[in-house]
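Inside the fold
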Amino acid sequence: MQPVLNFINGSFVEAASQRTIDDVNPATGEGITTIPRSGAEDVQAAVDAALAATPAWASTPLEERIAWLHKIADALEEQAETIAQLESLDTGKPITLARNVDAARSVANFRFFADFVLQQPQQTFSDHGAINYVQRSPVGCVGLITPWNLPLYLLSWKVAPALLMGNTIVAKPSELTPLTANLLAQTMQTVGLPSGVFNVVHGYGPDVGQAIVEHDDIRGISFTGGTATGKIVAATAAPMFKKLSLELGGKNATVLLDDAPLDEIMQGVVRASFTNSGQVCLCGSRILVHASIYDDFLEKFVHAVERIQVGDPSNEATVMGSVISQDHKTKVESYIQLGVEEGGVVLTGGLSKTAPVENVSKHGAFLRPTVLAGLPATSRTATEEIFGPVVTVHAFETEDEAVEMANGTPYGLAGSVWTADIERGHRFAERMDTGIVWVNTWLNRDLRTPFGGVKQSGVGREGGAWSLNFFSELTNICVQQP
Ligand code: TXE
């Protein structure tokens, strides 16, 4: 595969250092290609291009920017299968998941914002003989920094509203998953988006990401990634009074009340636990079950988990592929070991040396879906983010106890509650200290809704009007009537 290059001012260029980083297929350990090992000099070139492009793009009529988003969506849709193949290759996720989730949602993100903006009313307020109206203007040049778990899905989720609101972009995808960001850059070039409006600089976080966050001329940062990195980004951006959106980690609870219809909801609970090998910040990695149905649930859940088809991501029958890298596999396995040390019992799955995945490359970063029971809900394994195919299961006696357990982690991103009585579902959901709660479903996403978390899951919200507001500055104009 051709080396991936930076996309700056409408052209593909190497890093100034001429150095590269290998991009590896996590399912085989084989090299795919290389990416530029960029630094501050390359970020400066991207910012120069973006600043030069900003006046024209900012003054482009909204209707024209809407048309650009549709043009990009159309071009991406024509490449949907290529997007799915590249995403599966780069991440180790099954081709079916890459097709149905990553590729489909990347197209939808552009389409959604193009349509949504037209549904927004012009905000006016009149009182004291005066008319007030709110004018939106672009932030300017914004920095978009994204993670490796849903590469194009999360990059496009930021690029679409940023462009729509008239901003120019310096994007930094994860060094582990550059391929679909590169395809997006190629697409921008193909559709003829004006040079400099959209730029991509590849490289390591501390080199490129840090340079983006600390650059004076980048006036807004939208970051999605781990909490630890989020702290570094915030510490750099806050004193510079930049607009800052942080979508960070999670340790989400899946709560089964005593009337949860187990057979009906089992697939939903399995999906919430192991989609994308548990590498979705919205995954339910702690399952809280009422004591009266705990044994029955465990038997059914373990049975369902053991039927998950784990294997080669390119196989259409595969439901769970590899994790993102050998390093991440080592981190996830360290938590399985910690779980046992903290008193947990592995009901299924476990370390790859004791529970190997069959018929896959021995160099692949594969793990079987793992269920740990018997751990205190306050243990490290049950409260720290693992971000892999590992869930802990805990029994509770009362709803108050379940609420305390569900809210008992440093995170507050998402959660789900499963019950036969919707009223109970409403009441329980309203007590969860998270940004998102699903009742009898999971990952059911309406893009108009606020997305994000509290506590160490982040600051701010994305989605619908929240994205439009983040990527624009608002001016209130008040006109005294004669
Ligand atoms: O994060 P990292 P990862 C979380 C998920 C998990 C993590 C996985 O819970 O914890 O993200 O993604 C760049 N200055 N979410 O491991 O390392 C890095 O190069 C600036 C939550 O990739 O934080 C990459 O491009 N940038 C989310 C990006 O930051 C730096 C959904 C993220 O990398 C940097 C998805 C630095 N010092 C994942 N260091 C949600 N809430 O929606 C690294 N980077």
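Residues numbered from 1 in each chain as written. Predicted model: local features only at pLDDT ≥ 70, side-chain atom pairs only at ≥ 80, totals over all residues. Heavy atoms only, no water.

1. Side note on the sheet that holds strand 5 (residues 124-127)
The strand order across the open sheet built from three strands is 5-6-22, with neighbouring strands paired in antiparallel fashion. Looking at which strands have only one partner, the edges of the open sheet turn out to be strand 5 and strand 22 (472-480). Within the sheet, the average angular offset between the axes of one strand and its neighbour, ignoring direction, is 25 degrees. Pairing of strand 6 (residues 130-138) with strand 22 involves nine bridges; the strand directions are antiparallel. Bridging across to strand 22, alanine 130 finds its partner in glutamine 480. (Pairing = 2+ DSSP bridges. Helix = DSSP H or I, 4+ residues; strand = E, 2+ residues; numbered from the N terminus. Axes fitted to C-alpha atoms, helices over the stretch in contact; angles between N-to-C directions.)

2. Notes on the site of the ligand
Around the ligand there are 29 residues in total, and Thr146, Trp148, Glu175, Leu248 and Glu385 lie nearest to it. Contact distances for the ligand include 3.2 Å between an oxygen atom and a backbone N or O atom of glycine 225. Notes on the ligand: free accessible area 830 Å², of which the protein chains cover 90%. Those elements that place two or more of their residues in the shell around the ligand are helix 7 (205-213), strand 10 (218-224) and helix 8 (227-237). Along the lines of polarity and charge, the residues of the shell around the ligand split into 14 nonpolar, 11 polar and four charged. Both domains that furnish three or more residues to the shell around the ligand are identified here as domain 1 (6-248 + 457-480) and domain 2 (253-446). (Near = heavy atom within 4 Å. Polar contact = N/O pair within 3.5 Å; in protein donor to acceptor, adjacent residues only side chain to side chain. Areas by Shrake-Rupley, 256 points an atom, 1.4 Å probe, with all protein chains shown as cover. Nonpolar A, V, L, I, M, F, W, Y, C, P; charged D, E, K, R; others polar. Domains from an automatic or database assignment.)

3. Some words on a nonpolar patch on the surface
On the surface, Ile131, Tyr133 and Val479 cluster together to form a nonpolar patch covering roughly 210 Å² of accessible area. Of the residues examined, valine 479 reaches a relative accessible area of 36% and is grouped as partly exposed. (Patch = residues over 30% accessible without salt bridge, like charges linked within 9 Å, V, L, I, M, F, W, Y side chains within 5 Å. Salt bridge = Lys/Arg side-chain N within 4 Å of Asp/Glu carboxyl O. Buried < 20%, exposed > 50% of the residue type's maximum accessible area, 1.4 Å probe, protein only.)

4. Focus: the pairing of strand 3 (residues 20-24)
Side chains Ile21 and Asp23 project from strand 3 onto a buried face, and the interleaved Thr20, Asp22 and Val24 project onto a face without burial. One ladder, built from five bridges, connects strand 3 with strand 4 (residues 31-36); its direction is antiparallel. Note that in strand 4 the partner of threonine 20 across the bridge is proline 36. Where strand 3 folds back onto strand 4 in an antiparallel hairpin, the turn is made up of six residues, including glycine 29, whose phi is positive at roughly 80 degrees.

5. Some points on the packing of helix 3 (residues 80-91) against helix 6 (residues 179-191)
Two numbers describe how helix 3 lies on helix 6: the axes approach to 8 Å, and their chain directions differ by 150 degrees. Here helix 3 lies roughly antiparallel to helix 6, going by the angle between them. Counting all contacts with helix 3, which are made through Thr82, Ile83, Leu86, Glu87, Leu89 and Asp90, the residues of helix 6 involved are Leu179, Thr180 and Leu183. Within the contact of helix 3 with helix 6, the residues separate by chemical class into five nonpolar, two polar and two charged. (Parallel < 35°, antiparallel > 145°, perpendicular 65-115°, else oblique. Contact = heavy atoms within 4.5 Å.)

6. Examining the environment of lysine 353
Summarising the element assignment, lysine 353 is placed in the loop between strand 14 (345-350) and strand 15 (368-373). Along the primary structure lysine 353 and tyrosine 204 are separated by 149 residues, whereas in three dimensions their C-alpha atoms are 31 Å apart.

7. Brief notes about unusual backbone geometry
The phi dihedral of histidine 128 falls on the positive side, at around 50 degrees, and the residue is not glycine. Within the fold, histidine 128 resides in the loop between strand 5 and strand 6. Classification of histidine 128 as exposed rests on a relative accessible area of 68%. Unlike most non-glycine residues, phenylalanine 241 shows phi in positive territory, near 55 degrees. Mapping phenylalanine 241 onto the fold places it in the loop between helix 8 and strand 11 (243-247).

8. A few points about the nonpolar core
By size, the foremost hydrophobic cluster in this structure holds 56 residues, and its most contacted members are Phe110, Val159, Leu163, Ile169, Leu184, Met188 and Phe198. Element by element, the count of residues in this core is highest for helix 4 (residues 95-116), at nine residues. Excluding residues that lie within four positions of it along the chain, leucine 163 makes contacts with Trp57, Arg65, Leu69, Ile72, Ile169, Met188 and Val197. Residues Leu150, Phe301, Met320 and Trp438 belong to the second largest nonpolar core, which totals 45 residues. (Core = buried A, V, L, I, M, F, W, Y, C linked by side-chain atoms within 4.5 Å.)

9. Some words on the packing of aromatic side chains
Within this structure, the stated rule accounts for nine aromatic pairs. Arranged with centres 4.8 Å apart and planes meeting at 70 degrees, the rings of phenylalanine 112 and phenylalanine 113 form a pair that is edge-to-face. The burial state of phenylalanine 112 is the same as that of phenylalanine 113; both residues are buried. Among the aromatic residues, those joined into a ring-pair cluster are Phe112, Phe113, Phe116 and Trp157. In this arrangement the basic side chain of arginine 105 is found over the ring face of tyrosine 153, its NZ or CZ atom lying 4.3 Å from the centre. Note that arginine 105 overlies the ring of tryptophan 157, its terminal NZ or CZ placed 4.6 Å from the centroid. (Phe/Tyr/Trp six-rings, centres within 6.5 Å; stacked < 30°, edge-to-face > 60°. Lys NZ or Arg CZ within 6 Å of the ring centre and 35° of its normal.)

10. Focus: the environment of threonine 82
Relative to the assigned elements, threonine 82 resides in helix 3. Judged by its relative accessible area of 40%, threonine 82 is partly exposed. Taking the C-alpha atoms as reference points, threonine 82 and leucine 152, 70 residues apart in sequence, are found 12 Å from one another.

11. Observations regarding helix 1 (residues 40-58)
When the terminal C-alpha atoms of helix 1 are compared, their 25 Å separation across 19 residues agrees well with the 27 Å that a helix rising 1.5 Å per residue should span. Considering bend angle alone, the principal kink of helix 1 is centred on alanine 52 and spans about 30 degrees; proline proline 55 follows within four residues of it. Those residues of helix 1 that sit buried are Asp42, Val43, Ala46, Val47, Ala49, Ala50, Ala53, Thr54 and Trp57. (Expected span 1.5 Å × (residues − 1). Bend = angle between axes of the 7 residues up to and from the residue.)

Such coordinate-based values are descriptive only and should not be taken to indicate function.
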